Amino acid sequence: MSQPTPPLELVESSDPIVTPRRVALVRPDLRPSVRREDERWVMTFPHLILRELILFMAVVIALSLIALIFDAPLEGIANPLETPNPSKAPWYFLGLQELLHYFPPVVAGVLIPGLVVVALAVIPYARINLSAGPLWSGDERKIRTWVGLVTAMLTILFAGFRCWPIVVPTLAVAGAMFAAYKGTEGGRFRRFLVGVTLPEWIMTWFIVVATLLTVIGTFFRGPGWSLVWPWNMHLPV
Amino acid sequence: MPEDRAKSRGLLSEEETRRDFLTRIGVGACVVTGVGAAFTLLDYMEPKVLFEPPTLFRAGNLNDFPEGTVRFNEEQKTYILGAAGGGVYALSAVCTHLGCITRYLSSEGVIACPCHGSRFDLEGNVVHGPAPHPLPWLEVKADASGNLLVDTGRTIPHGKVLKV
Amino acid sequence: MSGTALANLADWIRDSSVYRSIVRHGSADTNRNRSLVIFENLFLHVHPVKVREKTLRFTHTFWLGGITLVSSIILFATGILLMFYYHPSVPQAYIDMKELQFVVDNGVWLRNLHRWSAHLMVFGSFLHLIRVFYHRAYRPPRQFNWVIGVVLLLLTLLLSYTGYLLPWDQLAFWGVSVGTNMAKEAPLIGKPLRFLLLGGNIVSENALLRFYVLHCVVLPVAFILFLSVHIWRIRKDGGVQGPPEDPSAEKGAP
C-alpha cells in the first residue's frame, strides 16, 4: 500500500449510497461467540464430557462417604401440644430466625426476605452493577461523604434495634472500604482492595451479615433463644 | 352497509376490521377462561371440611375456679383462670409471636414461651420478649348451673371477665 | 478372557447391524465422530460440539453449577427410592421413618444421602450465585438468566423446606409451624396463603399431604423446567463465563 489509510470519520447521512446503512459497532459487552479471538477450541467429547463424569463420580463418592458416617437427625414423633426448646428452623433459615429476635415478624419474616429477593433479581438491570469502576475512582471527597453517611445511617438504624450482628459487619466493611482509600501505596492486598467496586462491597457486606446471622442462629442460640456457648446448647438432663 | 350501520352506532371504530373485532372477542374469551380456571383451581385447593379438634369445649364449673386459679387445657391450648374479685376468663396458650405453646410458670406467676423468650402476665399482656400482641381472651359462657363452655374460635375484648 | 479376546468381542458388537442401528456414528476416533457423539444424542446435544479450552479449567467456575446439578440428580434418585417406603399420612409417616432406619436394607444410608445432598445443593446454589456475581457473569446478554437463577434458588429452598416436614418428627413439625406462622404475617395474602398451604388452620395431615405433593411433583417439575431454560440460555450466550476476560474493558465506563 502506497498511501496510509485516512483517519476514520463518523459521518451521518440518510443517503444510502453515500453512507451505507449497516454499521457494525463492536461493544465490549458483546456475546463471546461474536467476539471470537484466537482461542483454543477443543472437542466436547471427550474433554468436557469426561470432566462432567468425573465431577459426578467425585460428588457421589464424597456424599456417600458422608452419608455413611453422619446420620440425619430424627427426633420424637410430632407432638402439636409440646414445643421443643429451642425449636429451630433448617440451617438456611436460621439467619432469618435470628433476625426475628431483633425485628417484628413482618419485618424479619416478610419484608427483609422480600427485599433481598427483589434486590438479587434486579442486579443485572441496575446501572451501578453494569458500569462499576473501582470504588475510589472519581470524586474521592464525594465518595467519602456518601460511604460515611450511609454507614452512619445503617449503624444508627440497626443499633437502634440492638441488632449487633448487622452493626459489627457494617463497621468492619466500611473500615475496609476506607482502608482501601488511603492511596495506592502498600502491598498486593491493598492494591486488590483498591480495585473493588461498589457492588462488590455491597454484596460482600450482605454475605458477611447473612453468614454471621446464620452462624449465631445455628451455634450460639439455646433454650428460649438465649445466647449460649455451642457446647451448652442443650440443657443438662 | 352493515359496517356503516355499526360505525354509526359507535360499535366499530373507524379502522377496525371484522378480523380485529373477532380477534378481540377470541382473546377476551381466552382471558375469561384463564381467569375462571385460575379461580376454580384456587377454590379446589381450599379445603371445605377440616378434621381439626372442635373449638367449643366444656371447662368444668364456675365454682372450680376460685380467685387465682390457673388451669391449662393441653388439648385445646387454653388457660382458664379465676379472676381477682371472682369470675372466670380464658386465655389462648398460643404465643402471639410465632405460634409456639406457652407454659405457665407458677413460681414466677408468668406465662412464658420457650421459643424466643416471650413472657406474659396473667392477663395476657406482654411483659418481655418479641411477642407483638397480648394473648387473646377467649369467649367463656356459662349455663344456668354454672357449667362453663369455652370457644377457642372466638375472641372477646381484653378484660371481659365472666362473672356470676 | 484375554485382553484381545475382549477387544475382539467389543469390535464384533460394534460392527453388528443391531448396534449400528442404535449408535449411528462410528467410534469416536475422528473429530467428525466425536462431534456426532454429542450431536446425535438427545441428552448430550445441549452441549456445543466444541468448547473453549479455558472454560474447562476448575478455577474458571469452580464447577459450582455442576456440583449443584449433581446434588439435584442424587436427590431425585434417592428421593424416588425413599418414596417406595413412605406413606404421607399421620402417624404412618413417622413409623415409615423408623422402618427406613431399622428394617429397610441401606435405609439409613439412603435417607442420609438424601439429606446431605439437600444440604450440598442449597449450599452449592449460594456459592454458585456468589461466584457468578463476582465474575460479573450477569451482564448483558445474560441478565435474564440471572433472574432464572434466582428463581431456581427459591425453588431449591422451597424444595428443601417442603421436604423438611415429611419425617413428621418434632424438628419437622415445629420448624414448619414457625415458618408458616411467619408467612401469615405477610400483608393481605398472608393468612389465606397459610390456609391454602396447610390445607387448614394447623399443621396436620392435610399439611403433610400438600407438602408431599409439592415436594415430590409440583416443585421438581417446576425446577426441571427452569433448569432446562437456564442451561439452554448458557448455551445460547456462548458457554459459561468465568473471570471477566478483559479487565480493562470490563471495568470503567459502559
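Before going further, it helps to examine the overall build of chain A. When its secondary structure is counted, chain A shows eight helices and one strand. Counting the 237 residues in chain A, one finds 19% classified as buried. In chain A, once contacts between residues fewer than 6 apart in sequence are set aside, the share between residues at least 24 apart is 61%.

A few words on helix α11 (residues 205-236) of chain C. Residues and elements named next belong to chain C. Along its 32 residues, α11 runs 45 Å from first to last C-alpha, staying within 8% of the 46 Å computed at 1.5 Å per residue. Along α11, the helix axis deviates most sharply at L214, where the bend reaches about 40 degrees. Within the span of α11, buried status applies to A207, L208, R210, F211, Y212, H215, C216 and L219. Tucked into the core, α11 has its buried residues touching α5 (64-83), α6 (92-102), α8 (143-165) and α10 (190-198). Positive backbone phi, approximately 100 degrees, marks G238, located one or two places after α11.

With 63 residues of chain A in contact, the opposing surface of chain C contributes 71 residues. Mapped by element, the contributors of at least two residues to the side of chain A that touches chain C are β1 (41-43), α1 (44-69), α2 (91-100), α3 (105-121) and α8 (198-219) of chain A. Here three bridges tie β1(A) to strand β1 (residues 50-52) of chain C, and the two strands are oriented antiparallel to one another. Across the sheet, residue A:W41 finds its bridge partner in β1(C), namely C:R52.

Take the interface of chain A and chain B next. Often, the extent of an interface is quoted as the loss of accessible area upon association of its parts. Counting residues at the interface gives 13 residues for chain A and 12 residues for chain B. Classifying every residue of the side of chain A that touches chain B by side-chain character gives seven nonpolar, six polar and no charged.

This part takes up the domain arrangement of chain B. Domain boundaries in chain B define domain 1 (2-45) and domain 2 (56-156). Once you take the C-alpha centre of each, domain 1 of chain B and domain 2 of chain B turn out to be 57 Å apart.

Right, let's talk about the sheet that holds strand β9 (residues 137-142) of chain B for a bit. Residues and elements named next belong to chain B. Strand order in the open sheet formed by six strands is β1-β10-β9-β4-β3-β2, with antiparallel pairing between adjacent strands. The open sheet has two free edges, formed respectively by β1 (56-61) and β2 (70-73), since each of these has just one partner strand. Going from strand to strand, the sheet's axes swing by 30 degrees on average, the running direction of each strand aside. Across four bridges, the pairing between β2 and strand β3 (residues 78-82) is antiparallel. Bridge pairing links F72 to Y79 in β3.

All names here are of chain B. Spatially, the four strands line up as an open sheet ordered β5-β6-β7-β8, and their pairing is antiparallel. The open sheet has two free edges, formed respectively by β5 (103-105) and β8 (126-128), since each of these has just one partner strand. In this sheet, strand β6 (residues 110-112) lies alongside β5 in antiparallel orientation, the contact comprising three bridges. Residue pairing for β6: R103 is matched across the bridge by A112.

All names here are of chain C. Where α5 contacts helix α7 (residues 107-134), the axes come no closer than 8 Å and their chain directions differ by 155 degrees. When the axes of α5 and α7 are compared, the pair comes out roughly antiparallel. α7 is crossed by α5, and the crossing has left-handed handedness. Of the residues contributing to the contact of α5 with α7, the split by class is 12 nonpolar, 11 polar and two charged.

Here A:L157 shows up in helix α5 (residues 140-160). Note: C-alpha distance between A:L157 and A:V167 (10 residues apart in sequence) is 8.9 Å.

Each value, and the rule that gives it
Residues numbered from 1 in each chain as written. Chains lettered and ligands numbered in written order. Predicted model: local features only at pLDDT ≥ 70, side-chain atom pairs only at ≥ 80, totals over all residues. Helix = DSSP H or I, 4+ residues; strand = E, 2+ residues; numbered from the N terminus. Buried ≥ 20, exposed ≤ 12 C-beta atoms within 10 Å, placed from the backbone. Contact = placed C-beta atoms within 7 Å. Expected span 1.5 Å × (residues − 1). Bend = angle between axes of the 7 residues up to and from the residue. Pairing = 2+ DSSP bridges. Nonpolar A, V, L, I, M, F, W, Y, C, P; charged D, E, K, R; others polar. Domains from an automatic or database assignment. Axes fitted to C-alpha atoms, helices over the stretch in contact; angles between N-to-C directions. Parallel < 35°, antiparallel > 145°, perpendicular 65-115°, else oblique. Left-handed = near helix turned anticlockwise from the far one by under 90°.

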